[in-house]
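Descriptive analysis of the structure
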Amino acid sequence: MCTRVQPTEWTTDLKNQNFDGIVLVTQSHDTLPSELECLKAPLQDYSSVDSGLGDEVVLIKVPGLPGKRLIFASTGPVNRDYDDVRRFSDAAVNGIKRALKAGMQRPLLVCPPHKDYKDNALAAALGALHALYMPLEVREANIKSLDHKVCVLGLWAAQEAEGKRLVELANALESGRLAYRDIGGSDPERMAAPRVAEYVQELFKNSPVEVEVLSNVKVLEKEYPCLAAVNRCANSVPRHQARVIKLQYHGEGPIQKTLMLVGKGITYDTGGADIKAGGFMAGMHRDKCGAAAVAGFFQILAHLKPKHLKVVGAMTMVRNSVGADCYVADELVVSRAGRRVRVGNTDAEGRMVMVDLLCEMKEKAAQEVSPQLFTIATLTGHAIRAMGPNYSIIMDNGPAHRNGNAAQWQKVLLAAK
């Protein structure tokens, strides 16, 4: 298994010949800062013969630049009501894809600062790294001669301190996204519950993150009866048997806040007895992305090592299988909290596998400093109906709403724009 992040370097030298091409991500070549003045003239020349310069990604030959190549990927407008920092990320994705087609192996990503978006360069870097992700199955099968699509990704910054910060933060965040995409995107067999546990244990070996894996079915039935009900059918197949993966990070210094995370980790969702019909089962291997996000978050913690913070996490890795021993609608299950739960639809398995872990977190929260509890889930259909595709949502319960939790998260996200 390879979890090494795509190699990245920073430079303040726009003509650094260690790179073989420049990918420029910005709204317009007319607004380039003085440090990038040398890029303005060739783009102006090109625009004189092609009025669609800002509409498509273009590649221009420019003597004197690394590799004599300049790719311009415009963000387009960034000041409309529905625009946000993802305009820079999306443009970087398109620019890097064009760089790959051009045969670049050492592209230099250039994203000048924008007055309305504090971290636009970081967003662009993450977009570029997104385009350079090599799926786990491809890496493990040795289909490609290298584990990466390019030898190195360069990140330009006007100042040395800015460059160091950009690379450090991009590498840390990408390390978490790499783990997230490996777990969440890999097929139902490669990331069946036991193999997810193996991946996570290897990932956090010799790191500040502690890992505990629970697999004994008797323990699961006693401690997490709702999860065990979903696991009942899959448990007859050893390679599909459930795992509860517990993670803990304890930062240096006195703890000032405790985050407690429960991630939905359905390794494959058939719908159970309420089986998905009409072609809706394809893609259900991604129903484990909530748990994958928990693992990815801990990987970022392992890199950045924030102080005064404790984080406790649980990944509920269960396959919602259909068969003679599957749990069914109308079945009564007594939860960890002693509440009788009548199953209404077996395709609502996410809340079943998370509820007992959330109950356990609530039990432990009384002993923690300033605890905040979160459940993280994906493929939640009503979120898509409410917000549309490609958006995340956060919903508070009563106490969290009174504390303004979701509003605080929104302010943090807006501050990054």
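Residues numbered from 1 in each chain as written. Predicted model: local features only at pLDDT ≥ 70, side-chain atom pairs only at ≥ 80, totals over all residues. Heavy atoms only, no water.

1. Section: the overall build of the chain
A tally of regular secondary structure across the chain gives 13 helices and 13 strands. In terms of overall dimensions, the chain has C-alpha extents of about 70 × 45 × 45 Å along its principal axes. Taken over 417 residues, the chain has a buried fraction of 49%. For the chain, the proportion of contacts with a sequence separation of at least 24, taken over those separated by at least 6, is 74%. Put simply, the chain shows about 20400 Å² of open surface, and 51% of that area lies on carbon and sulfur atoms. (Helix = DSSP H or I, 4+ residues; strand = E, 2+ residues; numbered from the N terminus. Buried < 20%, exposed > 50% of the residue type's maximum accessible area, 1.4 Å probe, protein only. Contact = heavy atoms within 4.5 Å. Areas by Shrake-Rupley, 256 points an atom, 1.4 Å probe, with all protein chains shown as cover.)

2. Looking at helix H3 (residues 120–131)
Under the 1.5 Å per step criterion, the end-to-end length of H3 is 17 Å for 12 residues, consistent within 8% with the ideal 16 Å. Counting buried residues along H3, 11 of its 12 residues qualify, which places the element largely inside the surrounding structure. If you check which residues of H3 are buried, you get Asn-120, Ala-121, Leu-122, Ala-123, Ala-124, Ala-125, Leu-126, Gly-127, Ala-128, Leu-129 and Ala-131. Against strand E1 (8–11), helix H2 (86–101), strand E5 (107–110), strand E6 (153–156) and helix H5 (160–185) lie the buried residues of H3. (Expected span 1.5 Å × (residues − 1).)

3. Some words on helix H10 (residues 349–365)
Compared with the 24 Å implied by 1.5 Å per residue over 17 residues, the 25 Å span of H10 between its first and last C-alpha is a close match. The axis of H10 is deflected most strongly, by about 35°, at Val-355. Looking only at H10, the buried set comprises Glu-349, Gly-350, Met-352, Val-353, Met-354, Asp-356, Leu-357, Cys-359, Glu-360, Met-361 and Ala-365. (Bend = angle between axes of the 7 residues up to and from the residue.)

4. Brief notes about the packing of aromatic side chains
Each pair of aromatic rings is reported with the distance of its centres and the angle of its planes. The full count for this structure, using the stated rule, is two aromatic pairs. Ring centres of Phe-374 and Trp-409 lie 5.8 Å apart, and the angle between their planes is 80°; this geometry places the pair in the edge-to-face category. Separated by 35 residues along the polypeptide, Phe-374 in strand E13 (residues 371–376) and Trp-409 in helix H13 (residues 405–415) bring together distant segments of the chain. (Phe/Tyr/Trp six-rings, centres within 6.5 Å; stacked < 30°, edge-to-face > 60°.)

5. Concerning the pattern of salt bridges
Tallying each qualifying case throughout the model produces 25 salt bridges. Between Lys-264 and Glu-349 there is a salt bridge, with its nearest N and O atoms 3.6 Å apart. Of this pair, Lys-264 sits in strand E9 (residues 257–269) while Glu-349 sits in helix H10, placing them 85 residues apart in sequence. Neither residue differs from the other here; Lys-264 and Glu-349 are each classed as buried. (Salt bridge = Lys/Arg side-chain N within 4 Å of Asp/Glu carboxyl O.)

6. Things to note about the sheet that holds E13
If you walk across this open sheet you meet the five strands as E7-E8-E10-E9-E13, and the pairing is mixed. Two strands in the sheet have a free side with no partner beyond their single neighbour: strand E7 (209–214) and E13. When the angles between neighbouring strand axes are averaged without regard to direction, this sheet yields 15°. Across the sheet, helix H8 (residues 225–234) lies against strand E8 (243–250) and strand E10 (309–320), angled at about 40° from E10, the strand it touches most. On top of the sheet, H10 reaches E8, E9, E10 and E13; it is set at about 160° to E9, its chief contact. (Pairing = 2+ DSSP bridges. Axes fitted to C-alpha atoms, helices over the stretch in contact; angles between N-to-C directions.)

7. Considerations on the nonpolar core
Val-23, Val-25, Phe-88, Ile-96, Leu-109, Leu-153 and Leu-155 are the most contacted members of the largest nonpolar core, which has 32 residues in total. Those elements giving two or more residues to this core turn out to be strand E2 (21–26), strand E4 (69–74), H2, H3, E6 and H5. Not counting residues up to four positions away in its chain, the partners in contact with Val-23 are Ile-71, Gly-95, Ile-96, Ala-99, Pro-107, Leu-108, Leu-109 and Val-110. Counting 31 residues, the second-largest nonpolar core is a separate cluster that includes Leu-178, Ala-197, Val-209 and Ala-295. (Core = buried A, V, L, I, M, F, W, Y, C linked by side-chain atoms within 4.5 Å.)

8. Some words on the pairing of E5
Neither face of E5 is left uncovered, since the one carrying Pro-107 and Leu-109 and the one carrying Leu-108 and Val-110 both have all their residues buried. Alignment of E5 against E6, held across two bridges, turns out to be parallel. Across the sheet, the residue bridging to Leu-108 is Gly-154, located in E6.

It is worth stressing that arrangement in space is one thing and function is another; only the former is reported here.
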